[in-house]
Amino acid sequence: LQTCIVHLIRNSLDYASWKDRKLLAAALKPIYTAPSAEAAAQALDEFEASPWGQRFPTVVASWRRAWDRVIPFSAASCDTRRSASAQYIFALTYLDLDLAQLGHNLLGL
């Protein structure tokens, strides 16, 4: 189970094609940016009922399994959550690019 919100988001996006990742990330954003645990739970319920939740039930299941470990993130200050989101964006952008470059180097491309 992913216990870090950044890893949970990243893992969730792994279920989507590259074309859908930005849209799925936008659909998940109300969950991890909710101002309280109750609002986050409501956002997760809304995501589950949405077309994205119906299309990616595995994402919903992974969030529900990790909920007790993820929900403390909702109690963190906005600055802390903003920092975590920035770390996620950095990891998504640079780590994925590095892995792509590594793949090209290994394949001799």
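Quick notes on the rules
Residues numbered from 1 in each chain as written. Predicted model: local features only at pLDDT ≥ 70, side-chain atom pairs only at ≥ 80, totals over all residues. Heavy atoms only, no water. Helix = DSSP H or I, 4+ residues; strand = E, 2+ residues; numbered from the N terminus. Expected span 1.5 Å × (residues − 1). Buried < 20%, exposed > 50% of the residue type's maximum accessible area, 1.4 Å probe, protein only. Salt bridge = Lys/Arg side-chain N within 4 Å of Asp/Glu carboxyl O. Contact = heavy atoms within 4.5 Å. Core = buried A, V, L, I, M, F, W, Y, C linked by side-chain atoms within 4.5 Å. pLDDT = per-residue confidence, 0-100. Phe/Tyr/Trp six-rings, centres within 6.5 Å; stacked < 30°, edge-to-face > 60°. Lys NZ or Arg CZ within 6 Å of the ring centre and 35° of its normal.

1. Points about helix H2 (residues 18-32)
Now for step 1: With 15 residues, H2 extends 21 Å between its outermost C-alpha atoms, agreeing within 8% with the 21 Å of an ideal straight helix rising 1.5 Å per residue.
Now for step 2: Considered for burial, the residues of H2 that qualify are Asp20, Arg21, Leu24, Ala25, Leu28, Ile31 and Tyr32.

2. Remarks on the pattern of salt bridges
Now for step 1: For the structure shown, the criterion picks out four salt bridges.
Now for step 2: Between Asp20 and Arg55 there is a salt bridge; the shortest N-O distance is 2.6 Å. Of this pair, Asp20 sits in helix H2 while Arg55 sits in helix H4 (residues 51-55), and the two are 35 residues apart along the sequence.
Now for step 3: Residue Asp20 is classed as buried on the basis of its relative accessible area of 5%.
Now for step 4: Through salt bridges with shared partners, a single network forms among Asp45, Glu48 and Arg64.

3. Quick look at the side chain of Ser62
Now for step 1: Positionally, Ser62 belongs in helix H5 (residues 57-70).
Now for step 2: Judged by relative accessible area, which is 4%, Ser62 ranks as buried.
Now for step 3: Excluding residues that lie within four positions of it along the chain, Ser62 makes contacts with Leu8, Asn11 and Ser12.

4. Re the environment of Cys4
Now for step 1: Its location among the elements puts Cys4 in the segment before helix H1 (5-13).
Now for step 2: In the structure, Cys4 is positioned 65 residues away from Arg69 in sequence and 7.9 Å away in space, judged by C-alpha atoms.

5. Quick look at the nonpolar core
The tendency in soluble globular proteins is for nonpolar side chains to be buried as a group.
Now for step 1: In this structure, Ile5, Leu24, Leu28, Ile31, Phe47, Trp63 and Trp67 are the most contacted members of the largest nonpolar core, which totals 25 residues.
Now for step 2: Secondary structure elements with two or more residues in this core: H1, H2, helix H3 (37-49) and H5.
Now for step 3: Ignoring anything within four residues of it in the chain, the contact list for Leu28 reads Ser12, Leu13, Phe47, Val59 and Trp63.

6. Thoughts on the confidence of the model for the protein chain
Now for step 1: The predicted model of the protein chain has a mean per-residue pLDDT of 76, with 62% of residues at 70 or higher.
Now for step 2: In the model of the protein chain, helix H7 (residues 78-107) stands out as the element of lowest mean pLDDT, 50, in contrast to H4, which has the highest, 97.
Now for step 3: Note that pLDDT drops below 50 for residues 97-109; the model gives that stretch one contact with residues more than four away or on any other chain.

7. Things to note about the packing of aromatic side chains
Now for step 1: Enumeration over the complete set of coordinates arrives at one aromatic pair.
Now for step 2: Plain terms: the ring middles of Trp52 and Phe56 are 5.9 Å apart, the flat faces sit at 5° to each other, and that makes the pair stacked. In this structure, Trp52 and Phe56 share a single accessibility class: buried.
Now for step 3: In this arrangement the basic side chain of Arg21 is found over the ring face of Trp18, its NZ or CZ atom lying 4.2 Å from the centre.

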